[in-house]
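# Chains, contacts and geometry: an overview
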Amino acid sequence: MKKIIILTILTGATIFACKTASGGKNEIVVMLQPKSDTQVSGSATFVEKGGVVTFEANMKGLTPGEHAIHIHEKADCSAPDASSAGGHWNPTFKKHGKWGSAEYHKGDIGNFTADANGNGTIKFSTNEWCIGCGDATKDIIGKGLIVHKGTDDFTTQPTGNAGGRVACAGIIK
Ligand SMILES: [Cu+2]
Ligand SMILES: [Zn+2]
């Protein structure tokens, strides 16, 4: 019995070592669920490599045109209007704005365009996020990904006046 337990521990340690050795790549995939009586759905992938997180989202069921997408404070998508996800994720206590400008929230990804068929995609990379590093100013785990009905004007505080929440995903492993 004792031998079996030791073997299990050793095997677990080996698996962990292999995972760490494979270039330190860290990945999470989340599914966007429709909110506010819409048909918006999709998936998003976050991949961390070499201190940079690359985010890509693919969505369908949108109204054609520009839509805002942000990371919000909580991974809670339970409310029909996704209000349960809270406000924009803002661990550094900045004003809402356009990413890369003087002030912006860590969740201010920005806008993307949905085509005439309602399909949209966005890709974004940053070294200001991490996946599970535990640094509260960088860690996206436990936050919520929100797609909006409208466009972020990058000016209105603290929301960008992006309108209702049409899709939501909890960023949880
Ligand atoms: Cu938002
Ligand atoms: Zn914001």
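Since the structure is predicted, the reported quantities are computational estimates derived from the model, not experimental observations.

Here is what the cut-offs are and how they apply
- All residue numbers refer to position in the chain's written sequence, counted from 1.
- Both sets of labels track the order of writing: A upward for chains, 1 upward for ligands.
- The predicted nature of this model means local features are confined to residues of pLDDT at least 70 and side-chain atom pairs, given and counted, to a pLDDT of 80 or more, with totals for whole chains, interfaces and linings taken over all residues.
- Hydrogens and water molecules were not included; the side-chain quantities draw on all heavy atoms of the structure.
- Ligating atoms shown are N, O and S within 2.8 Å of the metal, or 3.2 Å for Na, K and Ca, and water is not included, meaning a site may look less than complete.
- Any site counts as irregular unless it has four donors with all angles between 85 and 135 degrees, making it tetrahedral, or four or six donors with opposite ones more than 155 degrees apart and the rest between 65 and 115, making it square planar or octahedral.
- We call a residue buried when its accessible area falls under 20% of the maximum for its residue type, exposed when it is over 50%, and partly exposed in between, using a 1.4 Å probe and counting protein chains only.
- Counting from the N terminus, the helices are DSSP H or I runs at least four residues long and the strands are E runs at least two residues long.
- Nonpolar cores were defined as sets of buried Ala, Val, Leu, Ile, Met, Phe, Trp, Tyr and Cys residues, with membership established by side-chain atoms within 4.5 Å.
- We call two residues in contact when some of their heavy atoms are within 4.5 Å.
- Under the pairing criterion, centres of Phe, Tyr and Trp rings, with the six-membered ring standing for Trp, must be within 6.5 Å; the plane angle then separates stacked pairs below 30 degrees from edge-to-face pairs above 60, leaving the rest tilted.

## Looking at the coordination of the zinc ion (ligand 2)
- Around the zinc ion (ligand 2), the protein contributes the donor atoms His 88 (ND1), His 96 (ND1), His 105 (ND1) and Asp 108 (OD), which lie 1.9 to 2.1 Å from the metal centre.
- Bound by four donor atoms, the zinc ion (ligand 2) shows angles of 99 to 119 degrees at the metal and therefore tetrahedral coordination geometry.
- Sequence positions of the residues that donate to the zinc ion (ligand 2) give the spacing H-x7-H-x8-H-x2-D. By the burial criterion, His 96 is buried, and His 105 matches it.

## Let's talk about the coordination of the copper ion (ligand 1)
- Note on the copper ion (ligand 1): its protein donors are His 70 (ND1), His 72 (NE2) and His 148 (NE2). The metal-donor distances range over 2.0 Å.
- In primary sequence terms, the donor set of the copper ion (ligand 1) follows H-x1-H-x75-H. With His 72 in strand β4 (residues 65-72) and His 148 in strand β7 (residues 143-148), this pair connects stretches of sequence that are 76 residues apart.
- Judged by its relative accessible area of 1%, His 72 falls in the buried class.
- The exposure class assigned to His 148 is buried, which follows from its relative accessible area of 4%.

## Let's talk about the nonpolar core
- Judged by nonpolar contacts, the single largest core of 30 residues is most densely connected at Phe 46, Phe 55, Ile 69, Trp 129 and Leu 145.
- Taken together, the elements giving at least two residues each to this core come down to β1 (26-34), β2 (41-49), β3 (52-60), β4, β5 (110-114), β6 (120-126), β7 and β8 (165-171).
- Sequence-distant contacts of Phe 46, that is, excluding residues within four places in its chain, are made with Asn 26, Glu 27, Ile 28, Val 30, Val 53, Thr 54, Phe 55, Ile 71, Trp 129, Ile 131, Ile 140 and Ile 171.
- Counting five residues, the second largest nonpolar core, distinct from the first, contains Cys 77, Ala 85, Ile 146 and Cys 168.

## A short note on the packing of aromatic side chains
- Counted under the stated rule, the structure contains seven aromatic pairs.
- Here the aromatic rings of Phe 46 and Trp 129 are separated by 6.0 Å at their centres, their planes lie at 55 degrees, and the arrangement is tilted. Remark: Trp 129 occurs in the loop between β6 and β7 and Phe 46 occurs in strand β2; sequence separation between them is 83 residues.
- Geometrically, the ring pair formed by Trp 99 and Phe 124 is edge-to-face, given 5.0 Å between the ring centres and 90 degrees between the ring planes.

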